[in-house]
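What follows is each chain in one-letter form.
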Amino acid sequence: MYVIHQKRPSRRAVLTLAYQSLGIVYGDLSTSPLYVYKTTFSGKLSLHENDEEVFGVLSFIFWTLTLIPLFKYIYFVLSADDNGEGGTFALYSLLCRHARLCILPNQQASDEELSAYDVEGTSETWPSSMLKDFFTQHPRFRNGLLVVVLLGTCMTIGDGVLTPTISVLSAVSGISVKATNLHENYIVAISCAILVVLFSLQHHGTHRVGFIFAPIVTAWLLCISGIGVYNIIRWNPSVFHALSPVYMFRFLKSTGFEGWMSLGGVVLCITGSETMFGNLGHFSPLSIKIAFTFLVYPCLILAYMGEAAFLSKHHEDIQRSFYKAIPEAVFWPVFIVATLAAVVGSQAVISATFSLISQCCALSCFPHVKVIHTSSKIYGQIYIPEVNWILMCLCLAVTIGLRDTNMIGHAYGLAVTIVIFVTTCLMSLVILIVWKQKLIMALTFLVLFGSVELLYISASFIKIPEGGWIPLVLSMIIMTVMYIWNYGTLRKHEHDLENKVSVHRILELGPTLGMVRVPGIGLIYADLVTGVPAIFGHFATNLPAFHQVLVFICVKSVPVPYVSEEERFLIGRIGPKEFRIFRCIVRYGYKDLQQENNDFENVLVSKIMAFVEMEEQILAQNWHSCTNQDTDAELVDFPFLVRTNQPHAKHLSSCSDIQVMKPYENHQQINGPLIRDETLEILRAKESGVVYILGHSYAKAKKSSSLIKKIAIDIVFAFLSKNCRGPDVILSVPNSLLLEVGMVYYV
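Residues numbered from 1 in each chain as written. Predicted model: local features only at pLDDT ≥ 70, side-chain atom pairs only at ≥ 80, totals over all residues. Heavy atoms only, no water.

Attention now goes to the pairing of strand 4 (residues 545-557). By the criterion of burial, strand 4 is predominantly enclosed, with ten of the 13 residues buried. Alignment of strand 4 against strand 6 (residues 581-588), held across eight bridges, turns out to be parallel. By the bridge assignment for strand 6, Cys554 is matched with Ile585. (Buried < 20%, exposed > 50% of the residue type's maximum accessible area, 1.4 Å probe, protein only. Helix = DSSP H or I, 4+ residues; strand = E, 2+ residues; numbered from the N terminus. Pairing = 2+ DSSP bridges.)

See below:
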């Protein structure tokens, strides 16, 4: 196993990253003052207009910001990174590796020797051992954990609809403070125009305008904190007393049920907290901690305190409190900065949605879509056209349909709290299974933060009829698509495993079938890491001629964020050497961009040639221990990690992964000249041409299946399969080099 040693960044580098993180990480969180008080005091709570209620809301905001973003994320969650990556998938990846929870197909023991696959740590504790055994013995709970992860993911994708809508609409609504006669339709129209422009510019990539993001958010934070200090001094310096938690209990006691319902608006003050963890891979934990602790957090607290001080003297302006609290002299500059900050916050969550969809595709939880790389210098900046236009249409529909930031806020609050609570649940498992801490620590974490989040979730659920249904409907639709796609692809993989064929048997039948070998290299793409897929048997029996050199290629995902280029390829041989049949396993992490480069054919041939040259040396070192196993496998399948720039290959498979047959009696010891002959034969085959052979499978539900399953497979899955990007498009295969083999499988 490789251990990657990284240099500790300098103070200047950390401060630079902290400054840059302001524009990417904190755009959403910093714009929450635009709508928190307005949404909180909607409904019947607007009838309570005394200082006790205003100070009670401020106390809730202060302690919520302190407990969730500051204590939970900054001091706990940011430490649970997966090789520097954060987010829901990072926590799930850690659990998959340490507790073997991964349900991805084609996983091998050799994957555990990846440099990013680090499961070393302290000794097992009884809670961690008990949990691992529990998940091992109850596969349904493993699937349930995946459903929880997908729920958090779907709610995060829902944020991609709600964040631009509420941010832009709240910012634009400030015009009505000065233009009191302006009709609501004009505000909605201006908001829709800004949203259309925002989504229309996505194909350019954030790197083209990213240099202005950090200054905008910095200017915004300084503006709202300065206005907050001004309002505190002018209207109510005693507002500091509201920081006492006593005011929270007074608030709930005086307002009762209405006060509890209003907490669905208070929770909007922590929108964007998950972004701190989700964008961890682009920055460093220390830089994010510095930016939040020393700038974002104090500026937000001052902004909320200043607005509360203003409200304590202007109860009648509670629905327009943010813009009313701005001094007349700086109103329009602040309005412009607020609009720009809303766009920046929207841009961050839209980019995060693209990244999440790409990860779901890598984990076989979403149909393959077109992914465009918008930056040749910044890794991970992508654009997905289909997702972009769907998000834009949904944003416009919500803006035009609801036209009210209060109702949008109710929907937003439910989505935010569910995402944060999912992170709390996964983090509790990480504390036990990955960190191997005591049970009391995990329970304390779950109870302390989970109880607060459940309080907000319960308040948000009451608002389902008033807009809270939107994220639920969106999440149900997205989760249905994800589950059906995942179910269909897993059933396809099971079908391939059950129907894989023996290439040795096919070649033995060669004279009967009239089979011949033609010049060239055939690249057969399949989802199997062992054995020969059924599409090859179907192809060989119906068209009994295949290429001089065959390579079975499996492109798969592994539960790590990234796989280095040196570790990406595993090369092996199927059958005896005279067959000239090889296997290539191409591995990607869940954050890797699965896009073959234009030089893939040359890289693959060089890897195979390096494998041929080093094969005998590696076999001599590993043959004895592997052949001691009692196996009747028909194939010889040795996966090796091959580096063309190094003189020796590293054997990455334990003997349990190697399919070994008894040595052929006529098997010759390959010497130097014969190795050169095989290398030359591979080169000649490359010059003759390369043909891509892809399977085109059609899923059908069995006649005995239930009606729901028939609808899911025959209609939904068939529609998704027909309209998603096929492997030939993903691999950029020219039509002249493509050969598709069609098959039908029943699930």
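There's plenty left to go through after this.
Membership of the largest hydrophobic core comes to 161 residues, with the highest contact counts inside it found for Tyr26 and Tyr323. A total of 17 residues in this core trace back to one element, the largest contributor, which is helix 18 (residues 405-433). Setting aside its immediate chain neighbours within four residues, Tyr323 contacts Leu34, Ser170, Ala171, Gly174, Val177, Phe331, Phe335 and Ala338. Core analysis: the second largest hydrophobic core is formed by 25 residues, Leu523, Val586, Tyr692 and Val733 among them. (Core = buried A, V, L, I, M, F, W, Y, C linked by side-chain atoms within 4.5 Å. Contact = heavy atoms within 4.5 Å.)

Moving on, we come to the pattern of salt bridges. All told, the structure shown has 15 salt bridges when counted by the stated rule. Linking Asp111 and Arg587 is a salt bridge whose minimum nitrogen-to-oxygen distance equals 3.3 Å. One end of the pair, Asp111, is in the loop between helix 5 (88-99) and helix 6 (126-137); the other, Arg587, is in strand 6, and 476 residues separate them in sequence. Here Glu678 and Arg580 are joined by a salt bridge, their closest N and O atoms 3.7 Å apart. A residue pair is termed long-range when its members are at least 10 positions apart, and Glu678 in helix 25 (residues 672-688) and Arg580 in the loop between strand 5 (569-573) and strand 6 qualify at 98 residues. Glu678 gets classed as buried once you look at its relative accessible area, which sits at 4%. (Salt bridge = Lys/Arg side-chain N within 4 Å of Asp/Glu carboxyl O.)

So, on to the packing of helix 9 (residues 184-200) against helix 17 (residues 385-402). Interhelical geometry of helix 9 versus helix 17 gives an angle of 170° and a closest axis separation of 10 Å. Viewed along their axes, helix 9 and helix 17 adopt a mutual orientation that is roughly antiparallel. For the pair helix 9 and helix 17, the contacting residues are Val188, Ser191, Cys192, Leu195, Val196, Phe199 and Ser200 in the first and Asn388, Trp389, Leu391, Met392, Cys395, Leu396, Thr399 and Ile400 in the second. Its residues assigned to classes, the contact of helix 9 with helix 17 comprises eleven nonpolar, four polar and no charged. (Axes fitted to C-alpha atoms, helices over the stretch in contact; angles between N-to-C directions. Parallel < 35°, antiparallel > 145°, perpendicular 65-115°, else oblique. Nonpolar A, V, L, I, M, F, W, Y, C, P; charged D, E, K, R; others polar.)

A separate point is empty space enclosed by the protein. Under the counting rule described, the total for this entry stands at six cavities of 30 Å³ or more. Taken as a whole, the largest cavity spans an internal volume of roughly 150 Å³. Tyr92, Cys96, Cys102, Leu104 and Leu363 are, among the 13 residues lining the largest cavity, the residues nearest its centre. Per-element tally for the lining of the largest cavity: the top contributor is helix 5, with four residues. Across the lining of the largest cavity, the residue classes tally to eleven nonpolar, two polar and no charged. Taken as a whole, the second largest cavity spans an internal volume of roughly 80 Å³. Looking at the second largest cavity, the residues that line it are Ile224, Ile227, Gly228, Asn231, Ala303, Gly306, Glu307, Phe322, Ala325 and Ile326. With four residues, the single largest contributor to the lining of the second largest cavity is helix 10 (residues 213-235). (1 Å grid on protein atoms, 1.4 Å probe; cavity = no way out; pocket = protein on both sides within 12 Å on 5 of 7 lines; lining within 4 Å. Points joined across faces, edges and corners; volume = space filled by probe spheres on them.)

Keep in mind these values describe shape, not function.
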